[in-house]
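# Remarks on the overall topology
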Amino acid sequence: MPERVVLDPVSLAPDDLVQRQRFSSGPSSTLRADPAPEAESIAEVNSYLAAHLASGSGYFVQISDPHIGGGVDGSPAGFDALFRRGTPVPRFQRVLREIQALSPQPAFVVITGDLSDTGRREELERCRDLLPTSGPPLYLLRGNHDVDLGAFMDVFGALPYVDAGRVAQAGFCYAFDALGVHCIALDSETIAPGGPELRWLEEELAGHADGSCVVFNHRHLVAVDPLIEAYLDLPQPHADSLLSLLGAHNCVRWVFSGHIHVNSLAERGALHLATITSTFYDLNDGRTVAPGYAGLFAHLVCVDHGQVQWVALKEFGGSTRAIWPAA
Ligand SMILES: [Fe+2]
């Protein structure tokens, strides 16, 4: 376990940045102070979709970690020193606007946790009020910043895919079917070896042994960047239990996470483990506190006949590029 460090992106030395990039396991973002206008950004991604979505295939979108209530929008005392500057709401709104302009529309959108910055009900309510009320189905995960499960349920417990009885037992976990895939959303804050959430997950996987499953989990499962791991005291507690369970089921090949505010793609056996950065703060290059634009990314995941065909990284205000298979 690396020594814990207090990571302040403002004061990262050049050597730290080099180290971060050397250990980066996946595509890294670039900081852009002057993003393309939304109309250009939307046209760019729709052109990508037109060129790469084969007839009969579909796709979904993953974004993560909006941290509504953090930065200058809300909590000056902030959950985390990293998040005291910046403007999460307009950045989240831009991402949501661009998703709404995608053509064709995704089969669904998933936001993989840290909807709020400190977990307070008013932050969660603000996040809820920012979400679109029409368009593709929207699936929400709980993150470690959404610390209050009771407040989370007060705000999001009425969503049609939420089973309050299961939440009481096993946390905010659920499953749904889309694009011929059984999608399983986990609550990374309640997973424990031998616990009810892993037992439920095992039943889900066993019940779809002949099919195809995709898993969403807020926290990442394998180390991505030593500096970030040290700062956040990660990887996910009980990651090994979860990885061994997933690895024992051939029906699951992909896990999509957020949490570390980094774009990455790793492989563990037959599993592909992808993280998407935050819509608020991107930690890829350490220059996260520059005002304005950085790290507005989404995963576009193409699925055909129940199998993930490709995963692209869409930079809102910038380019779209394949990250798997490698371009
Ligand atoms: Fe997180």
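Here's what I pulled together on the structure shown here. Small disclaimer: the values here were computed from a predicted structure and weren't measured. (Residues numbered from 1 in each chain as written. Predicted model: local features only at pLDDT ≥ 70, side-chain atom pairs only at ≥ 80, totals over all residues.)

The subject of this paragraph is the nonpolar core. Core analysis: the biggest nonpolar cluster contains 77 residues, and V95, I184, A185, L186, V215, F216 and V301 have the highest contact counts within it. Setting aside chain neighbours within four positions, we find V301 in contact with Y59, F60, Q62, V308 and V311. (Core = buried A, V, L, I, M, F, W, Y, C linked by C-beta atoms within 7 Å. Buried ≥ 20, exposed ≤ 12 C-beta atoms within 10 Å, placed from the backbone. Contact = placed C-beta atoms within 7 Å.)

A few words now on the sheet that holds strand 3 (residues 138–140). Strand order in the open sheet formed by 6 strands is 3-2-1-10-11-12, and the pairing between neighbours is mixed. Strand pairing shows two members of the sheet lacking a second neighbour, strand 3 and strand 12 (320–324), which therefore form its edges. Across this sheet, the average inter-strand angle for adjacent strands is 25°, counted without regard to direction. Bridge analysis of strand 1 (residues 58–63) against strand 10 (residues 297–304) gives 5 bridges, and the strand direction is antiparallel. (Pairing = 2+ DSSP bridges. Helix = DSSP H or I, 4+ residues; strand = E, 2+ residues; numbered from the N terminus. Axes fitted to C-alpha atoms, helices over the stretch in contact; angles between N-to-C directions.)

Contact geometry for helix 2 (residues 38–52) and helix 3 (residues 88–100): axes closest at 10 Å, N-to-C directions at 45°. Judged on the interaxial angle alone, helix 3 and helix 2 are oblique. Once helix 2 is placed against helix 3, the crossing between them reads as right-handed. In contact with E38, S41 and I42 of helix 2, helix 3 contributes R94, R97 and E98. Its residues assigned to classes, the contact of helix 2 with helix 3 comprises 1 nonpolar, 1 polar and 4 charged. (Parallel < 35°, antiparallel > 145°, perpendicular 65-115°, else oblique. Left-handed = near helix turned anticlockwise from the far one by under 90°. Nonpolar A, V, L, I, M, F, W, Y, C, P; charged D, E, K, R; others polar.)

Along the polypeptide, H145 turns up in the loop between strand 3 and helix 5 (149–156). Residue classification places H145 among the buried residues on the basis of 24 C-beta atoms within 10 Å. In the structure, H145 is positioned 30 residues away from L115 in sequence and 7.7 Å away in space, judged by C-alpha atoms.

We now examine helix 9 (residues 239–247). Given 3.6 residues per turn, any residue in an α-helix points the same way as the ones three and four places further on. Where helix 9 is concerned, the buried positions are A239, L242 and L246. Mapping the buried residues of helix 9 onto a view down its axis gives an arc of 70°, with all of them on the same face. Against strand 6 (213–216), strand 7 (252–257) and strand 9 (271–275) lie the buried residues of helix 9. (Arc of directions from axis to C-beta.)

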